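# Commentary on secondary and tertiary structure
This is what each chain is made of:
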Amino acid sequence: MTYLDHAGTTLFPQSQIKGFSQDLSENVYGNPHSHNSTSRLTYDTVESVRYRILQHFNTKPDEYSVIFTSGCTAALKLVSEMFPWKPASQTDTGSLFCYLTDNHTSVVGIRGVTSPLGVTSVPVQPEEIEMTQSKESINTGQVPNGKVSQNPHLFCYPAQSNFSGKKYPLSYVKGIQSQKLYPSCKTAGHWFVLLDAACFVSCSPLNLQVHPADFVPISFYKLFGFPTGLGALLIRNDSIGILKKRYFGGGTASAYLAGQDYFVPHTSVASRFEDGTISFLDVIALNHGFEVLETLTGGMSFIKLHTFGLARYTYMILSSLQHANGSPVAQIYCETEYDDPDTQGAIINFNVLNDKGDIIGYSQVDKLASLHSIQVRTGCFCNTGACQRHLGISDQEVQNNLQAGHVCGDNVDLIGGRPTGSVRISFGYMSTFQDCQTFLKFIVDSFAQQPVKMDKDRLKRLRTSLPAESLAYPTLPNHNGPLKVQEEGSECSGSVKTPSISAQRGESNIPRSGVVYSRNAEVSGTLTNIFLYPIKSCAAVEVREWPIGERGLLYDRIWMVVNVNGVCLSQKQEPKLCLIRPHISLQHSKLSLSAEGMSLISVPLEGSSQEKQTVQVCQTKVCGDRVQTVDCGDEVAGWISEFLGKTCRLIRQRADFSRNVKKGHLQGKKNSKSRTSLSLVNEAQYLMINRASIQLLQDHITSRSDSSTCLQFNTEQLIERFRANLVVSGKEPFEEDNWTKVTVGQTPFQVVGQCNRCQMIGIDQKTGDRSREPLLSLPGCHSGKKHLFSIFLMSLLVPCYRS
């Protein structure tokens, strides 16, 4: 796996988990609010961790206090609720909540607290704060009545943008506090600074003695990868007095009365602000995180240089890549040229362009990257301000996109040809140069029109922006070694050329009932195969005929395998699932499972009448939907666990549980009911694939110039990988994109869209091996609507209801 989402969360090393596990096995940690010896051990250990955190940020307990929270967002919420906001009045402007527009949603969300209080919010563009007022008279704090204003104001900015990786000057802290920078230079009062350091501290050292921000929220999984759900608010001790906490939970009180409004807060800062019992075992785990981080890396200064070097190298190549016609392969969203680790973090944000200059949607890039086992992040990264700024999205467009159905976090990547977000890669201390090479190879193989070029002048200029010894002249990898790239004005021998496509329509080997596809005119075809998949992600069962139930093919995707935490397992995590072969006996009402080296095992198709009393009812999620299931028992769980080598359970959808097709699939469809029941499928009752489209894909793989180095597939092997229910033989490739109805015999089906599930096609369904290369590196197939075969080959079907 090539993991390039360290800004989302970094990865934890094995030695950290082993150290923590040994700690827990050798010590007993009690609740720190008690006074026995185990509690004392916990209290002392937690306090030592607080000190180590302050040490990490070059400060000490008499300067800062550490308040543990559930994460950075919780720390921000704590500040927003405790800050002494003063509402505006007719005679006084009151407090100001000012924030850089390049801020995370969790910072901008403070508006939800301030607006109802009548506090004015002031969004600040990055260029505005850089307008220093050093030569002009600084606002001395005088107000019209001659008194000095003591209004408290809060300015929030990120030490590093989580969108572009731009590092904002830490000198802003003192500049705002001393009222020498906008907006503090324009408004009298007492200015406090909240420095969002969550993204910054993952790869850079932060010195709070030099840059004494009043409030510093962080999340520890950005630093260590483990534990998650734990963060902290570092509060400057000089600023603690202004915070007004209203709610009090267990452990925060020195004394209170249950019958009267009497409460005295705890004298300890941490005890005063930490409601209830903290996640003390997770806090103890931080000790092992700091230990391993320092042992493996030598400290944050080394991490800063290492990750910046990887980001700079990748930026140099990616920004210089060109299609055969000289147009750029990527559009990068940044404000630096990655020439200084003090101004640029280890993040690269970009969109891929085709050879016509059009943006390829980030969702398509993400899905193809997943097939290469490359992990990236896409969307707007909870930073709408930076997203709008870099992508040129207006406020009105954001609102229009919402009305068009796009919401944060979905895969609607293009609306009207314009992007709604982008792709982000980010590096961590365990990232390697090979990760950069793998990523760049993926971009070249999957999106660059061959023969690929590089902008020689740009590369030369970027090289000279740092000392010559800092980076060697970059080269790109190819399928079997370094890729020979074509620079402008020169020919490139040995480069991968765009193959010609010669599609051949396959013929049916297995006659079935006639199939009619309907748009404006009827087109005849043949249903060649019927497959059902009783257990999600396990092997298929091919049948010649099969009953149709309320949720699709009878018993199709009624069962699924989950891990010890009840999370559904798929071939993306466990490719060996495809080696588990189900068999359904309608006559004996049994589902049997077989696998190599394992004895046959069976479970009943239907639950008994005493199911609710005898089996465990559980909830899990499928494609974001909560589903109710029942456990199939210990015997089959042990069988699956033994085969997969990890603790798993087999669960079945409850017979009385109903789940419906998402409304988006049926919106605008005529003669369709709003409710169509689903089994444990992701999106629709049936998946359909066209042999003609598969044949075109096979022809394209075969015609590749380097096909001799690739595994070869026949049509049936390719069809297996797409895991369709209905395989049809149409006349033209991709004609199914325009079908609205499909009739099999006398049974009508409605086409509700194209399938988004493409990650499993890189897995050999016979062996469980990942053999992605022949399916994914398809030079020349990224222009027009068919630029990604793997995304568009299947259609979704539901029953067709007549009015």
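Residues numbered from 1 in each chain as written. Predicted model: local features only at pLDDT ≥ 70, side-chain atom pairs only at ≥ 80, totals over all residues. Heavy atoms only, no water.

### A few points about the overall build of the chain
Where we set the bar: Elements are defined by DSSP. Helices are runs of H or I of four residues or more, strands are runs of E of two residues or more, and each kind is numbered from the N terminus. Accessible area is worked out with a 1.4 Å probe on protein chains only. A residue is then buried under 20% of its type maximum, exposed over 50%, and partly exposed in between. Residues are treated as being in contact if the distance between any of their heavy atoms lies within 4.5 Å. For every accessible area listed, the method is Shrake-Rupley and the probe measures 1.4 Å; residues are considered covered only by the protein chains on display.
Counting secondary structure elements, the chain contains 23 helices and 40 strands. Looking at the chain as a whole, 54% of its 803 residues qualify as buried. Counted over contacts in the chain with a minimum sequence separation of 6, partners at least 24 positions apart contribute 72%. Looking at the chain as shown, the accessible area adds up to about 35400 Å², and 50% of this sits on carbon and sulfur atoms.

### Some words on the UniProt feature "active site" (unreviewed entry) in the chain
Rule in force here: UniProt positions are given in the numbering used here, feature names are shortened, and annotations may be inferred rather than shown by experiment.
Mapped onto the present numbering, the UniProt feature "active site" (unreviewed entry) falls at Cys382. Here Cys382 shows up in the loop between β16 (377-379) and α13 (384-391). For Cys382, the residues in contact, after removing those within four places along its chain, are Asn103, His104 and Thr105.

### Some details on the packing of aromatic side chains
We apply this condition: Each aromatic pair joins two rings of Phe, Tyr and Trp (for Trp, the six-membered one) with centres within 6.5 Å, and gets the label stacked for planes under 30 degrees apart, edge-to-face for over 60, and tilted for any other angle.
Counted according to the given criterion, the structure contains 21 aromatic pairs. A ring pair is formed by Tyr315 and Tyr338, whose centres lie 4.3 Å apart and whose planes are at 20°; its orientation type is stacked. Note that Tyr315 is positioned in helix α11 (residues 300-320) and Tyr338 in the loop between β12 (330-332) and β13 (347-353), a separation of 23 residues in sequence. Of the two residues examined, Tyr315 and Tyr338, each falls in the buried class. Each residue in the set Phe83, Trp85, Phe97, Tyr99, Phe192 and Phe215 is aromatic and connected to the rest through ring pairs, giving one cluster.

### Observations concerning the packing of α11 against helix α16 (residues 456-463)
Selection criterion: For helices, the axis comes from a line fit to the C-alpha atoms of the stretch in contact; other axes are also lines fit to C-alpha atoms, and the angle between any two N-to-C directions lies between 0 and 180 degrees. When describing relative orientation, an angle under 35 degrees is termed roughly parallel and one over 145 degrees roughly antiparallel, while 65 to 115 degrees is termed roughly perpendicular and anything else oblique. Rotating anticlockwise by less than a right angle from the far helix to the near helix defines a left-handed crossing, while the corresponding clockwise rotation defines a right-handed one. Under the grouping applied here, Gly and all other residues not named as nonpolar or charged are polar, the nonpolar ones being Ala, Val, Leu, Ile, Met, Phe, Trp, Tyr, Cys and Pro and the charged ones Asp, Glu, Lys and Arg.
Put simply, α11 and α16 touch, their axes get as near as 9 Å, and they point 160° apart. With respect to α16, the element α11 is oriented roughly antiparallel. For the crossing formed where α11 meets α16, the hand is right-handed. Counting all contacts with α11, which are made through Arg312, Tyr315, Met316, Ser319 and Ser320, the residues of α16 involved are Arg458, Leu459, Leu462 and Arg463. Considering only residue class, the contact of α11 with α16 consists of 4 nonpolar, 2 polar and 3 charged.

### A look at helix α1 (residues 14-26)
The condition is simple: Between the first and last residue of a helix there are one fewer steps than residues, each counted as 1.5 Å, and that sum is the expected span. Directions drawn from the helix axis to the C-beta atoms are what define this arc.
Here α1 is 13 residues long and its end C-alpha atoms lie 18 Å apart, about the 18 Å a rise of 1.5 Å per residue gives. By the burial criterion, the buried members of α1 are Gln16, Phe20 and Asp23. End-on view of α1: buried residues confined to an arc of 55°, all on one side of the axis. Opposite its buried face, α1 presents the exposed residues Gln14, Lys18, Ser25 and Glu26, each directed more than 90 degrees away.

### Focus on the pairing of strand β34 (residues 625-631)
Quick note on the threshold: Whether two strands pair comes down to DSSP finding at least two bridges between them.
Most of β34 sits inside the fold, with 5 of its 7 residues counted as buried. Pairing geometry for β34 and strand β35 (residues 648-653), over 3 bridges, is antiparallel. Residue pairing for β35: Asp631 is matched across the bridge by Ile651.

### Some remarks on the pattern of salt bridges
For clarity, the threshold we go by: When a carboxyl oxygen of Asp or Glu is within 4 Å of a side-chain nitrogen of Lys or Arg, the pair counts as a salt bridge.
In the structure shown here, the tally under the stated rule is 25 salt bridges. Ionic pairing is found between Arg649 and Asp631, a salt bridge with its closest N-O pair at 2.9 Å. Placement of the pair is Arg649 in strand β35 and Asp631 in strand β34, with a sequence separation of 18 residues. Residue classification places Arg649 among the partly exposed residues on the basis of a relative accessible area of 24%. Via salt bridges that share partners, Glu127, Lys166, Glu335 and Arg389 belong to a single interconnected network.

### Some thoughts on the sheet that holds strand β32 (residues 601-604)
For sheets, the rule is that strands pair by backbone hydrogen bonds, running either parallel or antiparallel. The strand order β30-β31-β32 describes an open sheet built from 3 strands, whose pairing is antiparallel. For this open sheet the edge positions go to β30 (581-585) and β32, each flanked by a neighbour on one side alone. Strand-to-strand twist of the sheet, defined as the mean angle between neighbouring strand axes without regard to direction, takes the value 25°.

### Looking at the state of the cysteines
The condition is simple: For the purposes of this analysis, a disulfide is any pair of cysteine sulfur atoms at a distance within 2.5 Å.
Applying the stated criterion to the full structure yields 1 disulfide. Note that Cys380 is cross-linked by a disulfide to Cys387, the S-S spacing being 2.0 Å. Handedness here is read from the sign of the S-S torsion; for Cys380 and Cys387, about -50°, the answer is left-handed. Residue Cys203 stays outside any disulfide, its sulfur separated by 8.0 Å from that of Cys199, the closest cysteine. The class of Cys203 is buried, set by a relative accessible area of 10%. Just so you know, Cys578 is unpaired, no disulfide at all, and the nearest cysteine sulfur is the one on Cys538, 8.7 Å from it.

### Thoughts on the nonpolar core
To be explicit about the condition: Take the buried residues of types Ala, Val, Leu, Ile, Met, Phe, Trp, Tyr and Cys, join any two whose side-chain atoms come within 4.5 Å, and each joined set is a nonpolar core.
Of all hydrophobic cores here, the largest spans 54 residues; its most connected members are Ile53, Phe68, Tyr157, Leu206, Phe220 and Leu234. Residue contributions to this core peak at 7 residues, all from helix α10 (residues 280-297). With near-sequence residues (within four places) excluded, Ile53 lies in contact with Val66, Phe68, Phe220, Leu234, Leu286 and Phe290. Within the second largest apolar cluster, 44 residues are counted, among which are Leu532, Ile535, Trp559 and Leu577.

### Quick notes on a nonpolar patch on the surface
Defined as follows: A patch consists of residues exposed above 30% relative accessible area that lack any salt bridge, with like charges linked at up to 9 Å and nonpolar side chains (Val, Leu, Ile, Met, Phe, Trp, Tyr) linked at up to 5 Å.
There is a patch of nonpolar side chains on the surface, built from Leu257, Tyr262 and Val264 and spanning about 250 Å² of accessible area. Counting through the fold element by element, Leu257 comes out in strand β9 (residues 253-257). What makes Leu257 partly exposed here is its relative accessible area of 41%.

### Some details on the confidence of the model for the chain
In plain terms, the rule: For every residue, the pLDDT score states the predictor's confidence, bounded by 0 at the bottom and 100 at the top.
Within the chain, residue pLDDT values average 83, and 81% of them lie at 70 or more. In the predicted structure, residues 133-145 sits below a pLDDT of 50 and forms 19 contacts with residues beyond four places in sequence or in another chain. Low pLDDT (under 50) marks residues 772-792, which in the prediction has 78 contacts with non-local residues, meaning those over four places away or in another chain.

### Side note on α11
Compared with the 30 Å implied by 1.5 Å per residue over 21 residues, the 30 Å span of α11 between its first and last C-alpha is a close match. With respect to burial, α11 is a largely interior element, 16 of its 21 residues being buried.

### Looking at the environment of Gly249
With respect to the helices and strands, the residue Gly249 is situated in the loop between β8 (231-236) and β9. Sequence-distant contacts of Gly249, that is, excluding residues within four places in its chain, are made with Asp275 and Gly276.

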